[in-house]
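# Topology and contacts: notes
Below, each chain spelled out in residue letters.
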Amino acid sequence: MNDNFIRMFNVESLDVEYRNNLNFIDEKKVLERIWDKDGSLWKINDDVASNSLGWLNLPEQSKFLSENSISFISALCDKYESVCLVGMGGSILGAKAIIDCLRQDASKNFIIGDSTLPSSIDLFQKIVESRKTLFVIASKSGTTLETMMIYEHLKKITGSGLHENLFVAITDSDTNLGEIAFHDKFQKTFFGLTDVGGRYSVLSYFGLLPAALMGCDTSLISQASINMKKELESSEMGNCNLASTIASLLGACSLNGVDKLTFIMPQKLNSFGSWLEQLVAESIGKDNIGLVPITNEPFLETDSYLKDRIFIYFRSGDKENVVQDLHVKKLIDAKFPVLWIEIEEFHFVGGQFFLWQMVIAILGALLKINPFDQPDVEKTKVSVNRILNKTKENVKFDYCDDLNIIKSTLSSINSKSYVALLAFITEDNKQIEHLEKLRKKIGDKYKLATTLGIGPGYLHSNGQMYKGGLKPAHSIFLVNNGTTFNANQDYSKFAQITEAQVFSEIEIFKNLGVQSTCLDISERSKFRIIDLVEAI
């Protein structure tokens with residue numbers, strides 16, 4: 001790694017806490033204790049730590065897992081035209097990050113099945129019905145509600161035998177999904193590691209198998225992670241260790257109210273940004289402290305950013321950097337703290353996976369947070385299951401019918417807070433473009449940072465932060481739960497789960513003191529996202 005791999009700008013105001021954190025890491029032997037899986041670092045017992053820190057061994061294990069994936073693919077003899085990865089949160093985000101960085105085989109379609117919205121299911125079905133598809137059903141617990149619902153629907157629509165569809169499972173041992181895979185005669189089941197949590201599983205089969213199926217050279221990812229681990233192991237002192245340096249800086253940011261962790265990266269790394277967002281939000285967003293990861297935010301005017309921002313710029317060696325370089329240099333000139341990280345080749349993302357997992361482990365020790373659990377994610381799951389099990393329970397929303405109400409709300413929010421945009425929509429280019437315009441308008445006009453969660457996927461990623469960490473000042477739900485489809489196709493169960501999820505989220509936010517506005521943007525509604533952009 002060259003000496004210019006990482007550079008820091010404008011961090012002088014954080015220097016006292018930064019140095020204190022480095023000293024703490026050395027005095028408490030934090031690095032040594034992480035390698036030894038010492039749970040007392042995070043106030044958890046050693047058994048829990050041992051069952052949470054298996055990712056420390058994944059770089060070496062990933063070499064075998066990668067080879068085993070390639071061996072399986074060779075035996076398929078190219079029997080598929082599309083790869084459909086079905087899962088939620090950590091079960092799929094790592095795979096998508098690798099595929100977007102390294103994908104080589106353009107002859108195969110890659111489809112993500114992580115939405116239970118009726119419109120998403122309808123679009124999803126049309127794609128997979130027209131091609132021979134290999135379905136990868138991924139769930140560590142083997143019981144993820146959305147994943148299992150989508151699988152049951154796929155099983156129904158592929159049962160006609162029109163195509164030679166193949167099913168593969170990735171799950172931990174002794175799970176419900178494993179039993180289903182055996183009973184339904186899946187092509188193969190790949191087992192995860194029980195001592196590796198979902199958001200830490202990218203270097204296991206969860207990340208490597210789907211990527212290999214899409215023609216990615218996963219051996220490059222494996223080797224980059226091994227190289228990074230060796231570098232971190234060889235640097236025993238905090239001020240010489242890359243993970244300790246980053247963690248100490250981020251810990252100083254948290255203590256000084258510089259809590260909007262804003263990532264800037266080339267388009268090919270956007271999915272890596274989503275993986276990183278989950279890692280930070282779900283690991284550190286607890287006990288009403290932490291950091292707010294902000295990804296894929298459109299560039300704002302420099303004076304629209306407040307002093308609660310730190311920018312982390314992942315810079316690659318391609319021509320896409322021109323606009324980003326100019327923007328980041330403006331931020332540096334405006335004296336914002338910036339962490340500049342050079343990515344020489346995109347396969348180096350394998351090293352970044354391991355580096356940032358180590359950063360978060362160290363940061364958890366600095367902030368006295370257990371970075372391996374997600375206690376508040378269960379709140380929505382429990383509420384959704386309660387609603388779904390009580391079919392007579394009436395789920396009704398108070399949809400906003402006056403966009404001026406949202407405008408007035410935004411005007412009253414303290415600019416040091418942030419707004420959570422939670423969009424239960426089918427992602428398409430036009431919708432994403434309008435969401436970007438909405439984020440830019442809110443940022444430039446109201447000086448407010450925004451996070452964007454696409455439902456229901458965000459429930460399994462940054463949902464923990466919204467409920468347990470630094471909470472938003474306001475949440476805006478944008479819901480398209482339309483069901484205007486072929487009468488012969490039953491999408492009612494998918495519409496029902498979306499209603500239960502949105503209702504549960506609004507109620508949980510309300511109990512936490514976070515007010516929400518819900519906007520119906522379905523075909524039957526008079527509003528669209530662009531209307532909100534224009535109204536505010």
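One can find the structure itself at the top, above this paragraph.
A few points on the structure. Worth saying up front: this structure is predicted, and the values here are computed from it rather than measured. (Residues numbered from 1 in each chain as written. Predicted model: local features only at pLDDT ≥ 70, side-chain atom pairs only at ≥ 80, totals over all residues. Heavy atoms only, no water.)

## What about helix 10 (residues 218-234)?
Put simply, the rule reads: Here a strand is any run of E in DSSP of at least two residues, a helix any run of H or I of at least four, and the numbering for each starts at the N terminus. Expected helix span is given by 1.5 Å per residue-to-residue step, counting one fewer step than there are residues. Buried means the residue's accessible area, taken with a 1.4 Å probe over protein chains only, is under 20% of the maximum for its type, while exposed means over 50%, and partly exposed covers the values in between.
Counted at 1.5 Å a residue, the expected span for helix 10 with its 17 residues is 24 Å, and the 25 Å between its end C-alpha atoms agrees. Every buried residue of helix 10 is accounted for by Thr218, Ile221, Ser222, Ala224, Ser225, Ile226, Met228, Lys229 and Leu232.

## Things to note about the sheet that holds strand 13 (residues 474-479)
Strand pairing within a sheet occurs via backbone hydrogen bonds; the two strands may be parallel or antiparallel. Where we set the bar: If DSSP finds at least two bridges between two strands, the strands pair. Every axis corresponds to a line fitted to the C-alpha atoms, with the helix fit spanning only the stretch in contact, and the corresponding angles, defined between N-to-C directions, vary from 0 to 180 degrees.
Within the open sheet, the four strands sit side by side as 12-11-13-14. Their pairing is parallel. In this open sheet, the two edge strands, each paired with only one partner strand, are strand 12 (449-454) and strand 14 (515-520). With strand direction ignored, the average angle separating the axes of adjacent strands in the sheet is 20°. Looking at chain direction, strand 11 (residues 418-424) and strand 13 are connected through six bridges and run parallel. By the bridge assignment, alanine 423 is partnered in strand 13 with leucine 478.

## Some thoughts on helix 14 (residues 349-367)
Taking 1.5 Å per residue as the helical rise, helix 14 with its 19 residues ought to reach 27 Å, and the 26 Å between its terminal C-alpha atoms agrees with that figure. Within helix 14, 19 of the 19 residues are buried, leaving the element largely enclosed by the surrounding structure.

## Overview of the nonpolar core
The test is simple: Take the buried Ala, Val, Leu, Ile, Met, Phe, Trp, Tyr and Cys residues and link them wherever side-chain atoms come within 4.5 Å; each set so joined is a nonpolar core. Throughout, a residue-residue contact means that at least one pair of heavy atoms, one from each residue, lies within 4.5 Å.
Of all hydrophobic cores here, the largest spans 99 residues; its most connected members are Trp55, Leu250, Phe272, Phe314, Trp356 and Ile362. Ranked by the residues each element gives to this core, the list is headed by helix 14, at 14 residues. Aside from chain neighbours lying at most four places away, what touches phenylalanine 272 is Ala97, Met265, Phe314, Val349, Gln352, Phe353 and Trp356.

## Digging into the pairing of strand 6 (residues 188-191)
Using the following cut-off: By convention a crossover is right-handed if, when the strands point away from the viewer, the path from the first strand over the helix to the second runs clockwise.
Pairing of strand 5 (residues 166-171) with strand 6, which is carried by four bridges, proceeds in the parallel orientation. Bridge assignment links valine 168 to a residue of strand 6, and that residue is lysine 188. Once the chain exits strand 5 it traverses helix 8 (residues 176-183) before rejoining the sheet at strand 6, and the crossover so formed is right-handed.

## Focus: the pattern of salt bridges
Note the threshold: Just to be clear on terms, a salt bridge is a Lys or Arg side-chain nitrogen sitting within 4 Å of an Asp or Glu carboxyl oxygen.
Counted under the stated rule, the structure contains 21 salt bridges. Residues lysine 140 and aspartate 172 are paired through a salt bridge, measuring 2.8 Å at the closest nitrogen-oxygen approach. Taken together, the positions of lysine 140 in the loop between strand 4 (133-138) and helix 7 (145-157) and aspartate 172 in the loop between strand 5 and helix 8 put the pair 32 residues apart, joining distant regions of the chain. For lysine 140, a relative accessible area of 12% puts it in the buried group. Owing to a relative accessible area of 9%, aspartate 172 belongs among the buried residues under this scheme. Here arginine 315 ties to aspartate 325 by a salt bridge, and the two come within 2.8 Å at their closest N and O atoms. Taken together, the residues span a long stretch of sequence, with arginine 315 in strand 9 (residues 309-316) and aspartate 325 in helix 13 (residues 321-333) at a distance of 10 residues. Neither arginine 315 nor aspartate 325 differs from the other in exposure class; each is buried. One salt-bridge network, in which partners are shared between bridges, spans Arg7, Arg315, Asp325 and Glu342.

## Describing the packing of helix 16 (residues 403-412) against helix 17 (residues 429-446)
Stated formally: With respect to orientation, any angle under 35 degrees is reported as roughly parallel, any angle over 145 as roughly antiparallel, any angle of 65 to 115 as roughly perpendicular, and every other angle as oblique. For any helix crossing, the convention is left-handed if the near helix is rotated counterclockwise from the far helix by under a right angle, and right-handed if that rotation is clockwise.
Relative orientation of the contacting elements helix 16 and helix 17 amounts to 45°, with a least axis distance of 10 Å. When the interaxial angle is binned, helix 16 and helix 17 end up oblique. Taken as a pair, helix 16 and helix 17 cross one another with a handedness that is right-handed. Taking contact as the criterion, the partners of Lys407, Leu410 and Ser411 in helix 16 are, on helix 17, Ile442, Lys445 and Tyr446.

## Points about a nonpolar patch on the surface
Going by this rule: Patches in this entry comprise residues that are over 30% relatively accessible and not in a salt bridge; like charges within 9 Å are linked, as are nonpolar side chains (Val, Leu, Ile, Met, Phe, Trp, Tyr) within 5 Å. All accessible areas in this document rest on Shrake-Rupley with a 1.4 Å probe, and a residue is counted as covered only by the protein chains that are shown.
Side chains of Val322, Val323 and Leu326 sit close together on the surface and give an oily, nonpolar patch of about 290 Å² of accessible area. Secondary-structure assignment places valine 323 in helix 13. Overall, valine 323 belongs to the exposed group, its relative accessible area being 54%.

## Digging into the packing of aromatic side chains
Rule in force here: The criterion for an aromatic pair is that two Phe, Tyr or Trp rings (for Trp, the six-membered ring) have centres within 6.5 Å, with stacked assigned to planes under 30 degrees apart, edge-to-face to planes over 60 apart and tilted to the rest.
Enumeration over the complete set of coordinates arrives at 28 aromatic pairs. Seen from their ring centres, phenylalanine 314 and tryptophan 356 are 6.1 Å apart, and the 50° between their planes marks the pair as tilted. Remark: tryptophan 356 occurs in helix 14 and phenylalanine 314 occurs in strand 9; sequence separation between them is 42 residues. Judged by its relative accessible area of 0%, phenylalanine 314 falls in the buried class. According to the relative accessible area criterion, tryptophan 356 is buried, its value standing at 0%. Here a set of aromatic residues connected by ring pairs shows up, and it is made of Trp35, Trp42, Trp55, Tyr200, Phe354 and Phe372.

These figures capture arrangement, not role.
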